[in-house]
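Breakdown of the fold
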Amino acid sequence: MERSLLTEYLSDQLKSALGLLRKIEGDGEPDDIHQFRVSIRRIRSLLRLYGEDIPPFPVEIKQFVQKTNSVREIDVLLSLIRPDKYPKTFKRLRNLRKKQYRLSFDPTALQKITVLVQHYDEKLSRSDPKSEPLRWIALAETNYRIARIGYQSLSKKTPQKELHALRIRFKIARYALEFIDKSGLKGENEKIAECKVLQERLGAVQDTFNQLIWLKKIYRKKLIDEIRTLTRKREKSIKKLKKLEFPLNR
């Protein structure tokens, strides 16, 4: 029996996640970890919109991905720090990254998550929710419009928590629109491109905010002038980003 487009798309993402888990176990490369997290986010985003007739996503996989947040945040920070200019800070972060990687991606956890992803793919294939292309399109585009309205209402006083929530809404909108577009249901390239731009603007602020947390954390453990300098720069960057990236601020 032919499976629905949604089942096929979700299954492809699960298979991609499985392949990346095997690569992560072998090398722990930042890009492999990032792409694995993106595959899982795509699945969870579509389930939030279309999940009524789909088996619930395993809590254990969600918790595992949350544990990898620290590794991803440190990877982003490391990619922005010049080791020749901030050698002590770079070394501290590299050591911290190794520690967080061992905690998040130990062989037992990787094996358990691999099995859970396989089982969920099988369960999804058995359930195979009915095809509802018009409903899928309507929900994706409605979520996109809500996110766009949210961006237009930003102000200089918008709390970080709300910026982060809006970033997540844009991710959900983007992943849903990508599903609609790639499945051949409707061309959504313009909306996808706009979601990506606005998501990245919000992401620049959130990433800088996360970097501040890590810099302050390692500074408390070891007082290094380099870290204090970087912390001050990141604090200024957040204010500048909000001013430049959100031209609709009032």
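What you see is a predicted model; the values in this text were computed from it and never measured.

1. Description of the overall build of the protein
For the protein, the count of helices and strands is 10 helices and 0 strands. Moving toward the C terminus, one meets the helices and strands of the protein in the order α-α-α-α-α-α-α-α-α-α. The C-alpha radius of gyration computed for the protein amounts to 20 Å, which stays within 12% of the reference 18 Å derived for 250 residues, consistent with globular compactness. Split into buried and exposed, the 250 residues of the protein put 47% on the buried side.

2. Here we look at the packing of aromatic side chains
All chains considered together, the criterion is met by 9 aromatic pairs. Their ring planes at 80° and their centres at 5.4 Å tell us that F57 and Y120 sit as a pair that is edge-to-face. Of this pair, F57 sits in the loop between α2 (30-50) and α3 (59-67) while Y120 sits in helix α6 (residues 107-127), and the two are 63 residues apart along the sequence. For the pair F57 and Y120, one class covers both residues: buried. Ring centres of W136 and F179 lie 5.4 Å apart, and the angle between their planes is 65°; this geometry places the pair in the edge-to-face category. Placement of the pair is W136 in helix α7 (residues 133-152) and F179 in helix α8 (residues 160-182), with a sequence separation of 43 residues. Overall, W136 belongs to the buried group, its relative accessible area being 1%. Among the aromatic residues, those joined into a ring-pair cluster are Y9, Y50, W136 and F179.

3. Notes on the side chain of Q13
Relative to the elements of secondary structure, Q13 occurs in helix α1 (residues 5-27). Note on Q13: relative accessible area 11%, which makes it buried. Setting aside residues no more than four positions away along its own chain, Q13 makes contact with S39, R42 and I43.

4. Considering the environment of S104
Position of S104 among the secondary structure elements: in helix α5 (residues 87-104). Residues S104 and E29 lie 75 residues apart in sequence; the distance between their C-alpha atoms is 13 Å. Setting aside residues up to four positions removed in sequence, S104 forms contacts with F64, K67, T68, S70, V71 and A109.

5. Some thoughts on the environment of L21
Tracing the chain through its elements places L21 in helix α1. On a C-alpha basis, the gap between L21 and I33 in space is 8.1 Å, while along the polypeptide they are 12 residues apart. Once you skip the residues sitting within four places of it in the chain, L21 turns out to touch F36, F64, L110, I113, T114 and V117.

6. A few points about the layout of surface pockets
Summary: where empty space remains is shown by rolling a probe the size of a single water molecule over the atoms. Here the largest pocket defines a volume of roughly 1000 Å³. Lining the largest pocket are 32 residues, with R37, R41, H164, R167 and K171 positioned closest to its centre. Within the residue set of the lining of the largest pocket, elements represented by two or more residues are α2, α3, α4 (69-80), α8 and α9 (189-221).

7. Remarks on the side chain of K171
Residue placement: K171 occurs in helix α8. Buried K171, no salt bridge; nearest opposite-charge side chain is D207, N-O distance 7.4 Å. Leaving out residues up to four positions away in the same chain, K171 has contacts with R41 and Q199.

8. A word on empty space enclosed by the protein
Here the structure, examined in full by the defined rule, presents 1 cavity of 30 Å³ or more. Approximately 40 Å³ is the volume found for the largest cavity. Lining the largest cavity, in full, are L6, Y50, D53, I54, P129, K130, E132, R135 and W136. Here the residues of the lining of the largest cavity sort into 5 nonpolar, no polar and 4 charged.

9. A word on the pattern of salt bridges
Here the structure, examined in full by the defined rule, presents 15 salt bridges. When the shortest N-O distance is used, the salt bridge between D75 and R97 registers 2.7 Å. Here R97 lies in helix α5 and D75 lies in helix α4, a separation of 22 residues in the sequence. Take D75 and R97: they sit in the same class, and that class is buried. Several salt bridges converge on common partners, so that one network encompasses E141, K186, E188 and K191.

Calculation notes
- Residues numbered from 1 in each chain as written.
- Predicted model: local features only at pLDDT ≥ 70, side-chain atom pairs only at ≥ 80, totals over all residues.
- Heavy atoms only, no water.
- Helix = DSSP H or I, 4+ residues; strand = E, 2+ residues; numbered from the N terminus.
- Rg over C-alpha atoms; globule rule 2.2 N^0.38 Å.
- Buried < 20%, exposed > 50% of the residue type's maximum accessible area, 1.4 Å probe, protein only.
- Phe/Tyr/Trp six-rings, centres within 6.5 Å; stacked < 30°, edge-to-face > 60°.
- Contact = heavy atoms within 4.5 Å.
- 1 Å grid on protein atoms, 1.4 Å probe; cavity = no way out; pocket = protein on both sides within 12 Å on 5 of 7 lines; lining within 4 Å.
- Points joined across faces, edges and corners; volume = space filled by probe spheres on them.
- Lys, Arg positive; Asp, Glu negative; His and termini not counted.
- Salt bridge = Lys/Arg side-chain N within 4 Å of Asp/Glu carboxyl O.
- Nonpolar A, V, L, I, M, F, W, Y, C, P; charged D, E, K, R; others polar.

Shape is all these values report; function is a separate question.
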